[in-house]
Structure formats: C-alpha cells, structure tokens
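Summary of structural features
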Amino acid sequence: MKFYKIIIMKRTVISLFVLLFLPALLLAQNPNRERIEAYRIAFFTQRLKLTPSEAEKFWPLYNDLQEKRAKIQAERAQLNLRLNQGADALSDKELTIMGDKLIELEVLDTELAVKFHAEIKAALPPMKVLRFYQAENQYKIMLLNQLQERRQERINPDQR
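Below, the structure is looked at part by part. Bear in mind that the values here come from a model prediction, so they are computed numbers and not experimental data. (Residues numbered from 1 in each chain as written. Predicted model: local features only at pLDDT ≥ 70, side-chain atom pairs only at ≥ 80, totals over all residues. Heavy atoms only, no water.)

Examining empty space enclosed by the protein
Here is the rule: A cavity here means a set of 1 Å grid points, computed over protein atoms only, where a 1.4 Å probe fits but cannot escape. A pocket is an open set with protein on both sides within 12 Å along at least 5 of 7 lines, and lining residues have an atom within 4 Å of a point. Grid points are joined across faces, edges and corners, and a volume is the space filled by probe spheres set on the points. Secondary structure is summarised from DSSP: a helix means a run of H or I of at least four residues, a strand means a run of E of at least two, and numbering begins at the N terminus for each. Only Asp, Glu, Lys and Arg are considered charged in this grouping, and only Ala, Val, Leu, Ile, Met, Phe, Trp, Tyr, Cys and Pro are considered nonpolar; every other residue, Gly among them, is considered polar.
All chains considered together, the criterion is met by two cavities of 30 Å³ or more. For the largest cavity, the calculated volume is near 50 Å³. Only α3 (52–86) and α4 (92–123) provide two or more residues apiece to the lining of the largest cavity. Class assignment for the residues of the lining of the largest cavity results in four nonpolar, no polar and four charged.

Observations regarding the pattern of salt bridges
Keep this limit in mind: One speaks of a salt bridge when a side-chain nitrogen belonging to Lys or Arg is within 4 Å of a carboxyl oxygen belonging to Asp or Glu. Summary of the burial criterion: residues with accessible area below 20% of their type's maximum are buried, those above 50% are exposed, and those between are partly exposed, where the area comes from a 1.4 Å probe applied to protein chains only.
Within this structure, the stated rule accounts for eleven salt bridges. Glu 94 is paired through a salt bridge with Arg 82; the nearest N and O atoms lie 3.6 Å apart. Remark: Arg 82 occurs in helix α3 and Glu 94 occurs in helix α4; sequence separation between them is twelve residues. For Glu 94, a relative accessible area of 30% gives the class partly exposed. Within the structure, one salt-bridge network assembled from shared partners comprises Arg 69, Asp 109 and Glu 136.

Digging into α4
Just so we agree on the cut-off: Here, expected helix span is obtained from the residue count minus one, scaled by 1.5 Å.
With 32 residues, α4 extends 46 Å from end C-alpha to end C-alpha; this agrees with the ideal 46 Å at 1.5 Å per step. Along α4, the positions that sit buried rather than exposed are Leu 95, Met 98, Gly 99, Leu 102, Leu 105, Asp 109, Leu 112, Phe 116, Ile 120 and Ala 123.

Below is the structure:
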C-alpha cells in the first residue's frame, strides 16, 4: 500500500509540474530565451488586446508571478529529486514531512494565484482577466504540443 501511495504521489507531482511550470523551465533552459520571451509577450498582448497602459500594469504583475512560481517549482523539483533517488531508504516520518512540504508548496502556489488574481482584477477589465486565464492555458498547450513535436522529430528525423 505504501508503494502504491508513493507512485500516485509521484504521478500527481509530475503532472502538476508539467502543466504549471513547463513554460518557466523552457525559458530557463533554452538558448533562444529572448526569442521565446518575445513570442510570449506578443502572444499574451495579442490575445488580451492590451493597451499600452494595461500592458504597463500587467507585465510587472505577471513577471512577478512567474518568478515566484519558478522558486516554488525549484523547491518541488528538489523534493522530487530526493524522492526519486531514494524513496525506499526514507522513513515514514521523512516521507510524511516531504508530503507535507509538497502540500505546503501547493498551498503557497494557490495563495500566490489568489493574490495575483486580486492584483490583475485591479489592473485589467474583467473580460481581459478572463482572457488572460484562457490565453495562459492556450500558451501552455501550445508549448506542450511544440515540445512533443520536437521530441517526435528527434525520435523520427526522417518523417518530416
């Protein structure tokens, strides 16, 4: 039963990691960071139809959110690394502490999202706030699709 819980926890954490923080990781590890950053800015600006004054308010809020989320994700990655490298050697107490820390990071991420939502509501009209959430999901899906396509190209380079 303990092994089953660990597997479920790993899958949950990995899924959340991919969905929530793939954009930040791609930016941090990609040598074409400026190009990706420019694309991200254009993507959100176009989808949200930001005016210059709205963009001036929106981007500092969004960049701050991304920076804080990246820190949370780095902590999650450390916990996952430790879990993946030696889960069998960890005691129940250590596993419980790690599970509690993962939940604490989830709560922190949720509090961050709530704070960001309040700030963005003050900076943008309601329709643009909702467009932001839609655009954020579309952007993540697009990045995941591109990542899958690139992996496929590496696996089957002759099928272009």
